[in-house]
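# Secondary and tertiary structure notes
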Amino acid sequence: MPTTQEHQGVYPKSWSMVTAFLWDKYNGHAWVRDVDVIDRHIDVQGRLHSRRLLTLYSKTPFVLRPILGASVRPFYLLEDSVVDLENRTMEVNVCNVNLRNICFCKSESSYTPDADNPSYTRYGIMVQTRAFPKEISSTSSSSSS
């Protein structure tokens, strides 16, 4: 059974500022080593679609060392983003690419101008994790490795 957490909030910054910052949020992150753009295009409705591969490195968590060993190994995340300038929305979906036989994680985030204060940005995030999944959701975009 998956564990799901949801959170909503408001950033005291404009939608254009928040969404611009999101493209650079991994810069200087201690665990993120590489951010590679796999695809970026504008669809017929004028929305920007971006797919990025994030490569993270960190020590294996203590609880997983009997299974994976203690070495530092890469962990890959696939990030799909859609930005709609006309409707001022941004959606970001992230899921892990490897180690899915141990843990499957996905997050879905949305960003829109706040209805009460358009100079602020409303966001929502849903994070779902499943340990030792028997079956990966058909909505995920990659196979396990």
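Keep in mind that this is a model prediction, so the values were computed, not measured.

Cut-offs used in this document
Residues numbered from 1 in each chain as written. Predicted model: local features only at pLDDT ≥ 70, side-chain atom pairs only at ≥ 80, totals over all residues. Heavy atoms only, no water. Helix = DSSP H or I, 4+ residues; strand = E, 2+ residues; numbered from the N terminus. Buried < 20%, exposed > 50% of the residue type's maximum accessible area, 1.4 Å probe, protein only. Contact = heavy atoms within 4.5 Å. Areas by Shrake-Rupley, 256 points an atom, 1.4 Å probe, with all protein chains shown as cover. Polar contact = N/O pair within 3.5 Å; in protein donor to acceptor, adjacent residues only side chain to side chain.

Our next topic: the overall build of the chain. From N to C terminus, the chain includes two helices and seven strands. Counting from the amino terminus, helix and strand elements in the chain follow one another as β-α-β-β-α-β-β-β-β. Counting the 145 residues in the chain, one finds 31% classified as buried. Within the chain, counting contacts between residues at least 6 apart in sequence, those at least 24 apart form 50% of the total. Working note: accessible area of the chain is about 9,300 Å², and carbon and sulfur atoms make up 54% of it.

Glancing now at unusual backbone geometry. We note that R88 has phi near 55°; this positive angle belongs to a residue other than glycine. With respect to the helices and strands, R88 occurs in the loop between strand 4 (72-84) and strand 5 (89-96).

Looking at the secondary structure, you find N98 in the loop between strand 5 and strand 6 (103-113). The exposure class assigned to N98 is buried, which follows from its relative accessible area of 8%. Within the local environment of N98, its side chain forms a polar contact with the backbone oxygen of P74, the two atoms lying 3.2 Å apart.

Function-wise, these values are silent; they only describe arrangement.
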